[in-house]
Amino acid sequence: MDDPPPPPTTTTGWWSGAVGYQVYVRSFADSTGDGVGDLGGVLAHVDHIADLGVDYVWLNPVFPSPGLDHGYDVSDYTTIADEMGGMPAFEALRDALHDNGIRLVMDVVPGHTSSAHPWFVSARRGRDAPHRDFFVWRDPAPDGGPPTNWESVFGGSAWEYDERSGQYWMHRFLPDQPDLDWRNPAVRAAFDDILSLWFERGLDGFRVDVAQGLLADPEWADVPDVPPDMPRAQGNDLRLSGFMGRPETPALYRSWRRIADRHDALLLGEVALSSPEAVAAYLSDDLLHRAFFLPLQHTGWNRDEIAEMLVGAVAAGGGRFAWPQSSHDDPRAATRFGGGATGTRRALAFLHLVATLPGNPVILAGDELGLENGLIPAGLAQDPVSGRGETLVASRDGSRTPMPWDAERPNMGFTTGTPWLPLGANRAAADTVAHQRDDPGSPLQRTRRLLETRRGLTGMLATDDVTWLDLGPDLLGLRRGDVVVVCNFGPSTTVDVGRCRLLVASSDDAVVDDRDGVSIGRDTTVLLRAAEAVTSP
Ligand code: NOJ
């Protein structure tokens, strides 16, 4: 019998314009007292997530794992780790989120497994062992050393020698994260099954870990030295080009897209490449639906840098990019933007700005509180990159510290046990959800108001067309539909953008006056409804 025709692909879906909320589960809330956040903890705070007004939750990995890279070393893709609450906790959380109209997205890690995964345990038994060809093995170079000069993202060679078989296995990250060989159709089939399994269980999508990192250079050529004057981001692309961003990679997502579309599920790629055009190559009606534009989470508070990045990314992404301000891999926005009250104010201004771009804002849990990176006392570091010498990644612990819920409770309500990672020596009562809940000027309330306002901006959300406004060296302005947005990076100023009404601002320093125009304080973003719509209530 002929195969049934593939279902039509979907260009729009529930994810169009949807706002994401990233939950680093280990650090969100612990329901068992073992010091590690779990799905029961997320369930206990669904009201917080629903109040915030986000459309979907993305959970960092919750599959069984030895935890050497905190879940990004998966030893079983088919179930939920006991430590996270197992399948019953998944089902309860899925249902509670759905009851609140919120979708659930999890993290899938296709590039590598844990060395404890049964596939790799088998593969290591010898050259002819079952599943040997699921992984990337190469003979030593003529001098007995690694087959290529490729460096792992986490430092050192990307090759680990296996005494028993006399071959090296490849690992883009830790040696305990052996890379899968995506040129092997059996690997592709195994992941097709994994996706189908979870979507049939009611999962609404996957964030795809290192989506650009599934294939290696088939010529196994050494990568050239990075020229000293090359900008850091492009230098990293070049350094990793032996096994990241290979041009045949996007096509691998065709079968995933067919599976996802059958289930109305989202594929959101972590495509860690610096050029927006290179990221956009993974996005089309038969590849991934969406991809993060990660350079955004490396920016400082610099008008020109941010302007250049956003203009290029909006043009290349065509409404298909997700906009992260922070993540579990990079310093929180408030820290990157200078720290203290200034950093928090700027982070809010940044969120107000990117929330108006076509595509999907994604908020890292804790950023709605304006959190800075938590300060970790020496000796309590948890990130596996700590202590690995020179790596492309700095310690990520600071953005992973536990969520502060309530200063009156032990460990600010995160756990009754000993937190796996300290909350951060710099956490104060004013950082907690309990404190910010009733304060209209708090980051939490401002974030809620922004998302509530945004939901009502149907004229803005209906179009992906953006016009950038030339408003001088300190201001970054855009118009999308009937909404004008201005972010002020400089001192307080007044700007004339025509007759308009203030919708929402990231600080209290924003006033619209019919005669004088809009006055905007430093480090503040305003959303304005433009002239033709001003007469409507
Ligand atoms: C990207 C993830 O975001 C990061 O946390 C992880 O260490 C690497 N991928 C390896 O899976």
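Keep in mind the model is a prediction, meaning the values are calculated, not measured. (Residues numbered from 1 in each chain as written. Predicted model: local features only at pLDDT ≥ 70, side-chain atom pairs only at ≥ 80, totals over all residues. Heavy atoms only, no water.)

### Some details on the domain arrangement of the chain
How big an interface is tends to be expressed through the accessible area that disappears when the partners come together. Our working definition: An automatic or database domain assignment supplies the start and end points of every domain. Should any heavy atoms of two residues lie within 4.5 Å, those residues are counted as being in contact. A quick way to say it: buried area is the sum, across both parts, of accessible area lost when two parts are put together, with a 1.4 Å probe. Any Lys or Arg side-chain nitrogen found within 4 Å of a carboxyl oxygen on Asp or Glu counts as a salt bridge. N or O atoms within 3.5 Å of each other form a polar contact, as long as, within protein, one can give a hydrogen and the other can take it, and as long as residues adjacent in sequence are counted only when both atoms are side-chain atoms. Each helix is a run of DSSP H or I of at least 4 residues and each strand a run of E of at least 2, with the numbering of both proceeding from the N terminus. Following the grouping adopted for this structure description, the nonpolar residues are Ala, Val, Leu, Ile, Met, Phe, Trp, Tyr, Cys and Pro, the charged ones are Asp, Glu, Lys and Arg, and the polar ones are all others, Gly among them.
Domain annotation of the chain identifies domain 1 (22-113 + 186-455), domain 2 (118-170) and domain 3 (463-530). A separation of 29 Å is found between the C-alpha centroids of domain 1 and domain 3. Contacts between domain 1 and domain 3 engage 25 residues on the former and 26 residues on the latter. Contact with domain 3 buries surface across domain 1, with R303, R345 and T356 losing the most and accounting together for 30% of the total. Summed over the shared surface of domain 1 and domain 3, the number is three salt bridges. With its nearest N and O atoms 3.1 Å apart, the salt bridge here joins D508 to R446. The interface formed by domain 1 and domain 3 holds 11 residue pairs in polar contact (both at pLDDT 80 or more) in total. Sorting the residues of the side of domain 1 that touches domain 3 by element identifies α9 (303-317), α11 (340-354) and α13 (443-456) as the ones contributing at least two each. Taken together, the residues that form the side of domain 1 that touches domain 3 break down as 12 nonpolar, seven polar and six charged.

### So, the sheet that holds strand β15 (residues 493-495)
In a beta sheet, neighbouring strands are held together by backbone hydrogen bonds and run either parallel or antiparallel to one another. Operational definition: A pair of strands is labelled paired if DSSP reports no fewer than 2 bridges between them. Axis lines are fitted through C-alpha atoms, for helices just across the contact stretch, and the angle between N-to-C directions can take any value from 0 to 180 degrees.
Judged by pairing direction, the sheet is antiparallel, and its three strands sit side by side in the order β15-β18-β17 without closing on themselves. Each edge of the open sheet carries a strand with a single partner, namely β15 and β17 (510-513). Taking the axes of each pair of neighbouring strands and ignoring which way they run, one obtains an average angle of 20 degrees across the sheet. When β15 meets strand β18 (residues 517-520), the two strands line up antiparallel, connected through three bridges. Looking across to β18, one finds that T494 is bridged to S519.

### Examining the pattern of salt bridges
Summed over the entire model, instances satisfying the criterion amount to 25 salt bridges. Taking the shortest distance from any N to any O, the salt bridge between R172 and D179 comes out at 3.4 Å. Across the salt bridge formed by R257 and D261, the nearest N and O atoms sit 2.9 Å from each other. One end of the pair is R257 and the other is D261, both in helix α7 (residues 253-262) and four residues apart, which spans about a single turn.

### Considerations on the sheet that holds strand β14 (residues 483-488)
Read from one edge of the open sheet, five strands run β12-β13-β14-β19-β16, paired in antiparallel fashion. A strand with exactly one partner marks an edge of an open sheet, and here the two such strands are β12 (467-469) and β16 (500-505). Along the sheet, successive strands turn relative to each other by an average axial angle of 25 degrees, direction set aside. Examined bridge by bridge, strand β13 (residues 475-480) and β14 share six bridges and lie antiparallel to one another. Within β14, the residue paired with L478 across the bridge is V485. Relative to the sheet, α9 contacts β12 and β13, its axis offset from that of β13 by approximately 25 degrees. Against the sheet, α13 makes contact with β16 and β19 (524-530), and its axis sits at roughly 135 degrees relative to β16, the strand it touches most.

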